[in-house]
Amino acid sequence: MEFKNYLMQEYNISESSAKDYVGRFNGIINRGLYNGEDKMTNTLKEAIEKEFPNSKNHYFLTLERYIKYKKENKLKAHV
């Protein structure tokens, strides 16, 4: 399942909101801030705060939900 679809199902959000999450996630990736970590680290938090000072909480939430998505899909793949 794609991240966008996961967000819509898991958090009951609209497609537009899910696209916003995906856009924020892509911004994090494009800036080289996230490298596949399995948890939110202090270094990652600091990098996000520096890069997105006005909307850091949106980016934190996006990464937290992506990490959860990644873990859940990894578990399902092994079932």
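Now for a quick tour of the structure. On a predicted model such as this, the values are computed, not experimentally measured, just so you know.

Quick word on the overall build of the protein
Here is step 1: When helices and strands are tallied, the protein shows four helices and zero strands.
Here is step 2: Listing the helices and strands of the protein from first to last along the sequence gives α-α-α-α.
Here is step 3: For the protein, the spread of C-alpha atoms along the three principal axes comes to 35 × 30 × 20 Å.
Here is step 4: Taken across its 79 residues, the protein has 29% of its residues classed as buried.
Here is step 5: Counting contacts in the protein only where the partners sit at least 6 residues apart, residues at least 24 apart contribute 54% of the total.
Here is step 6: Counting only carbon and sulfur atoms, one obtains 45% of the accessible surface of the protein, whose full area is about 5,300 Å².
Here is step 7: If you average the places of the 14 positive and of the 11 negative side-chain charges in the protein, the two averages end up 1 Å apart.

What to know about the packing of helix α1 (residues 3-11) against helix α2 (residues 15-30)
Here is step 1: Close contact between α1 and α2 brings their axes to 9 Å; oriented N to C, the two are set at 135°. As the angle between them shows, α1 and α2 are arranged oblique. Considering the relative orientation of α1 and α2, their crossing is right-handed. For the pair α1 and α2, contact is made by Phe-3, Lys-4, Leu-7 and Met-8 and by Glu-15, Ala-18, Lys-19, Tyr-21, Val-22 and Phe-25, respectively.

Comments concerning the nonpolar core
Here is step 1: Among the nonpolar cores identified, the biggest contains 19 residues, and Phe-3, Ile-28, Tyr-34, Leu-44, Ile-48 and Leu-63 are the most heavily contacted of them.
Here is step 2: For this core, the secondary structure elements donating two or more residues are α1, α2, α3 (42-51) and α4 (56-77).
Here is step 3: A total of six residues in this core trace back to one element, the largest contributor, which is α4.
Here is step 4: Residues within four places of Ile-48 in sequence aside, it is in contact with Leu-33, Pro-53, Lys-56, Tyr-59, Phe-60 and Leu-63.

Structural notes on the side chain of Arg-65
Here is step 1: Within the element layout of this structure, Arg-65 appears in helix α4.
Here is step 2: Despite being buried, Arg-65 has no salt bridge partner; Glu-64 is the closest side chain of opposite charge, sitting 6.8 Å away.
Here is step 3: Sequence-distant contacts of Arg-65, defined by excluding residues within four places in its chain, comprise Phe-3, Tyr-6, Leu-7, Tyr-11 and Tyr-21.

Conventions adopted
- Residues numbered from 1 in each chain as written.
- Predicted model: local features only at pLDDT ≥ 70, side-chain atom pairs only at ≥ 80, totals over all residues.
- Heavy atoms only, no water.
- Helix = DSSP H or I, 4+ residues; strand = E, 2+ residues; numbered from the N terminus.
- Buried < 20%, exposed > 50% of the residue type's maximum accessible area, 1.4 Å probe, protein only.
- Contact = heavy atoms within 4.5 Å.
- Areas by Shrake-Rupley, 256 points an atom, 1.4 Å probe, with all protein chains shown as cover.
- Lys, Arg positive; Asp, Glu negative; His and termini not counted.
- Charge placed at Lys NZ, Arg CZ, Asp CG, Glu CD.
- Axes fitted to C-alpha atoms, helices over the stretch in contact; angles between N-to-C directions.
- Parallel < 35°, antiparallel > 145°, perpendicular 65-115°, else oblique.
- Left-handed = near helix turned anticlockwise from the far one by under 90°.
- Core = buried A, V, L, I, M, F, W, Y, C linked by side-chain atoms within 4.5 Å.
- Salt bridge = Lys/Arg side-chain N within 4 Å of Asp/Glu carboxyl O.

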